[in-house]
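Letter by letter, the chains look like this.
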There are 2 protein chains.
Amino acid sequence: MPESLAYAAQSATSPLAPFSIDRRSPGPTDVALDILYCGVCHSDLHTARDEWGGTVYPCVPGHEIVGRVTSVGNKVSKFKVGELVGVGCMVDSCQHCKPCADGLEQYCDNGFTGTYNGPEQSGGGNTYGGYANQLVVRESFVLRIAHDEKQLAAVAPLLCAGITTYSPLKQWGVGPGHKVGIVGLGGLGHMGVKIAAAMGAEVVLFTTSAGKRDDALRLGASAVVVSKNADEMAAHAGSFDFILNTVAAPHNLDAFLVLLKLDGTMTRGGAPASPHPSPGVFNLIMKRRRLAGSLIGGIRETQDMLDFCAEHGIVSDIEMIRMDEIEEAYARMLKSDVKYRFVIDMASLKQAA
Amino acid sequence: MPESLAYAAQSATSPLAPFSIDRRSPGPTDVALDILYCGVCHSDLHTARDEWGGTVYPCVPGHEIVGRVTSVGNKVSKFKVGELVGVGCMVDSCQHCKPCADGLEQYCDNGFTGTYNGPEQSGGGNTYGGYANQLVVRESFVLRIAHDEKQLAAVAPLLCAGITTYSPLKQWGVGPGHKVGIVGLGGLGHMGVKIAAAMGAEVVLFTTSAGKRDDALRLGASAVVVSKNADEMAAHAGSFDFILNTVAAPHNLDAFLVLLKLDGTMTRGGAPASPHPSPGVFNLIMKRRRLAGSLIGGIRETQDMLDFCAEHGIVSDIEMIRMDEIEEAYARMLKSDVKYRFVIDMASLKQAA
């Protein structure tokens, strides 16, 4: 395979810049694609700057990938050249442990291979992600896209932000008759509002910014609560079946736990670099509440999510950027100044590189 | 009803001492009993000393009560004079909310009435607990005892320590094929070991005291892990279906969360006066683990627990004390110097008072 163009960080402190990478030659079960768009996830920034530790440099981020198939191995049966496809946060896993067998590759007992900064299952290499013009992925980690092609850029964020919110909503059985809270209206939160509403739940959006009220209602929330307002919060005490908390910054979880009803669950999507203040045990005990975690979603579930979103006309609200605007996009993302996901138009890579 | 003898705290700093209380005259749906034995729960001490706040003085603790029925109201159908009965942590609730209708009186939307220091459902009085020679309770909060009468003293702790461990084990479906951890071998923990083993689970006891190993094995654990030993802990990483954490003192929850397998749950029984160090969000996310709470159990479930324990020959391991030894018992309890529950022989109250 010829050299691919990419954008990489060379260290935790260096800005992303043009870089050439070698993609592997497609094997019999591989799909090769031209990347058309790639969403910009907060994890990209955490990893590029080594905020979670463990980043191997050079680092090419990007795991909200959509593109067009350019070639397939001779054992590939599900995809054809020219089709639109997506690749999310994983490109491989052991494929033989129980979680893999159950379609929960994200919990692979032997560790899944992240789309970037992931140790390859064999060979010991480190994966390069979607800030690039080409990608080679084994078929079983490639997703079909049923959306209309003109929505393609806005589909990209579904591959991470979409599945990260869909999976816990699905796992905890959200549906009609449920009152669901979404905490935070960012990349994850705005997907959570759209998906929970499409699942039939009554959705309440919690935000620290009163200015997001109109947007939240437009996206599908039936009410918006400014979480700094104690009276507004108190009015919802003990009333939620489920809360999806997407805020990565450390914050007081108790303020939301007390809003859950008996047997209610709050899941955490965003992972802070430092811990939240400790949640009070009494708040869990008094209504048998649960604080739970959830990590992206399995491949089968990601396909279900994409199909669900296509059926319900759901895409991400995006701002398109050029590849060479990535550092500016990161800076704006840190200020929560994006509605609601940056997506890189990969046609710009050639000009930038 | 004549005056009852009791032991009460008059303030957060005064030792418990003899006190006379008025029990209400039994109404048509009430059961009156002579209290024969009362277990000593850590909550008694927390409340007597106002460590959780909200204690109304004088305070008569005690909610692990067994005794003999002395009279019944004319509408009481389930109990007869002379029968052995138990009363646990609750003596009343609203009886018309959804949790009450579901047999989950402990989560009554309007607040259950605690057996002591509980606001009465009408009249505004404050309840007095089982450190007394008599009790009047509405029939629907009285439990049948199927154990042999000579085990009666050791049945008392089932009314709180038993149901507090049984309920979460039952809720999360513990049974054969499950690997279950019990953290702490105190009043709650030793019941947790016995009950989880009787449910058919493989039980591992976590303790900070290597000296408790033999006892834990005798009680039903198949293995004992000294939780201060990082190697012993690491050997169990990601292997537990369920962990019941009974340790009230603030401690590092992460050390146990990482022992849960995919979709594993840890529930908290004991409630610390100050929070635990904050659990790490990554540990919840990475295997979709849950941290949950649980509060005693409903009346129907408490009866199920008593019947289950009678069927499996389960009682508490106890040390019998006289009523006037209660302060010494509290002091020893604070040093975890009890195997595994103090029970007051209420025949001693007359001499002490």
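This structure is a prediction, so every number in the text was calculated from the model and none was measured. (Residues numbered from 1 in each chain as written. Chains lettered and ligands numbered in written order. Predicted model: local features only at pLDDT ≥ 70, side-chain atom pairs only at ≥ 80, totals over all residues. Heavy atoms only, no water.)

Asks: Could you give an account of the interface of chain B and chain A, with specific residues and numbers?
Replies: In this assembly, 34 residues from chain B lie in contact with 34 residues from chain A. Carbon and sulfur atoms supply 68% of the area buried between chain B and chain A, which totals about 2,900 Å² over both sides. When the buried area of chain B at its contact with chain A is split by residue, B:Tyr107, B:Ile285 and B:Arg288 rank highest and sum to 23% of it. The interface formed by chain B and chain A contains 0 salt bridges. The tally of links between chain B and chain A comes to 3 residue pairs in polar contact (both at pLDDT 80 or more). Listed by contribution, the elements that provide at least two residues to the side of chain B that touches chain A are helix H4 (161-171), strand S14 (260-268), helix H9 (281-286) and strand S15 (290-293) of chain B. Sort the elements by how many residues they give to the side of chain B that touches chain A and H9(B) lands first, with 5 residues. Residue classes in the side of chain B that touches chain A are distributed as 19 nonpolar, 8 polar and 7 charged. Note: strand S15 (residues 290-293) of chain A against S15(B), 3 bridges, orientation antiparallel. Residue A:Arg290 lies in a different strand from S15(B), and its bridge partner there is B:Ala292. (Contact = heavy atoms within 4.5 Å. Buried area = accessible area lost by both parts, 1.4 Å probe. Salt bridge = Lys/Arg side-chain N within 4 Å of Asp/Glu carboxyl O. Polar contact = N/O pair within 3.5 Å; in protein donor to acceptor, adjacent residues only side chain to side chain. Helix = DSSP H or I, 4+ residues; strand = E, 2+ residues; numbered from the N terminus. Nonpolar A, V, L, I, M, F, W, Y, C, P; charged D, E, K, R; others polar. Pairing = 2+ DSSP bridges.)

Asks: Could you give an account of the relation of the copies chain B and chain A, naming the residues involved and the relevant values?
Replies: The two chain copies are connected by a rotation around an axis plus a translation along it. Rotating chain B by 180 degrees and moving it 0.0 Å along the rotation axis overlays it on chain A with an RMSD of 0.0 Å. Considering both components of the superposition, the chain copies are consistent with a two-fold axis. By C-alpha distance to the rotation axis, the residue of chain B lying nearest is B:Ser278, at 1.9 Å. Interface residue correspondence from chain B to chain A reaches 100%, placing this contact among same-surface, isologous pairings. (Least-squares fit on C-alpha atoms with pLDDT ≥ 70 in both.)

Asks: Could you give an account of the state of the cysteines, naming the residues involved and the relevant values?
Replies: Residues and elements named next belong to chain B. According to the stated counting rule, one finds 0 disulfides over all chains in the structure shown. Of all cysteine sulfurs, the one in Cys160 lies closest to Cys89, which takes part in no disulfide; the gap is 3.7 Å. Cys108 supplies the cysteine sulfur nearest to Cys94, a cysteine that is in no disulfide, at a spacing of 3.6 Å. (Disulfide = S-S within 2.5 Å.)

Asks: Could you give an account of the packing of aromatic side chains, with specific residues and numbers?
Replies: Summed over all chains, the structure comprises 8 aromatic pairs over all chains. Centre to centre, the rings of A:Phe206 and A:Phe240 are 5.5 Å apart; their planes meet at 55 degrees, and the pair counts as tilted. Of this pair, A:Phe206 sits in strand S11 (residues 202-207) while A:Phe240 sits in strand S13 (residues 240-245); the two residues are 34 residues apart in sequence, bridging distant segments of the chain. Here A:Phe206 matches A:Phe240 in class, with each residue buried. When the ring of B:Phe19 is compared with that of B:Tyr128, the centres are 6.2 Å apart and the planes differ by 75 degrees; the resulting orientation is edge-to-face. Here B:Tyr128 lies in the loop between strand S7 (113-114) and strand S8 (134-138) and B:Phe19 lies in strand S2 (residues 17-22), a separation of 109 residues in the sequence. Ring pairs connect the aromatic residues A:Phe206, A:Phe240 and A:Phe256, which therefore count as one cluster. Here the basic side chain of A:Lys179 rests over the ring of A:Phe240, its NZ or CZ set 4.6 Å away from the ring centre. (Phe/Tyr/Trp six-rings, centres within 6.5 Å; stacked < 30°, edge-to-face > 60°. Buried < 20%, exposed > 50% of the residue type's maximum accessible area, 1.4 Å probe, protein only. Lys NZ or Arg CZ within 6 Å of the ring centre and 35° of its normal.)

Asks: Could you give an account of H4(B), naming the residues involved and the relevant values?
Replies: Since the α-helix advances by 3.6 residues per turn, residues separated by three or four positions end up pointing in the same direction. Residues and elements named next belong to chain B. Within H4, 9 of the 11 residues are buried, leaving the element largely enclosed by the surrounding structure. Along H4, the positions that sit buried rather than exposed are Ala161, Gly162, Ile163, Thr164, Thr165, Tyr166, Ser167, Pro168 and Leu169. The secondary structure elements touched by the buried residues of H4 are strand S10 (179-183), helix H5 (187-198), strand S13 (240-245), S14, helix H10 (299-311) and strand S17 (341-345). Looking at the residues trailing H4, positive phi occurs at Gly173, about 70 degrees.

Asks: An account of a nonpolar patch on the surface is needed here, citing residue identities and associated values.
Replies: A cluster of nonpolar side chains, contributed by A:Trp52, B:Phe282 and B:Met286, occupies part of the molecular surface with about 250 Å² of accessible area. With respect to the element layout, A:Trp52 can be found in the loop between helix H1 (42-48) and strand S4 (65-72). (Patch = residues over 30% accessible without salt bridge, like charges linked within 9 Å, V, L, I, M, F, W, Y side chains within 5 Å. Areas by Shrake-Rupley, 256 points an atom, 1.4 Å probe, with all protein chains shown as cover.)

Asks: Please set out the environment of B:Gly111 residue by residue, giving values where relevant.
Replies: Along the polypeptide, B:Gly111 turns up in the loop between helix H2 (98-101) and S7. Using a relative accessible area of 29% as the deciding quantity, one classes B:Gly111 as partly exposed.

Asks: Tell me about the domain arrangement of chain A, and name the residues and values.
Replies: Residues and elements named next belong to chain A. In terms of domains, chain A is made up of domain 1 (4-160 + 316-352) and domain 2 (162-293). Each of domain 1 and domain 2 was reduced to a C-alpha centroid, and the two centroids are 28 Å apart. On the side of domain 2, 14 residues touch domain 1, which itself brings 10 residues to the contact. When residues of domain 1 are sorted by the area they lose upon contact with domain 2, Cys160, Asp317 and Tyr340 head the list and together hold 49% of the total. Across the contact surface, domain 1 and domain 2 share 3 salt bridges. The partner of Lys194 in a salt bridge is Asp317, with the nearest N and O atoms 2.6 Å apart. Counting every contact that joins domain 1 to domain 2 gives 11 residue pairs in polar contact (both at pLDDT 80 or more). When its residues are assigned to classes, the side of domain 1 that touches domain 2 shows 6 nonpolar, 1 polar and 3 charged. (Domains from an automatic or database assignment.)

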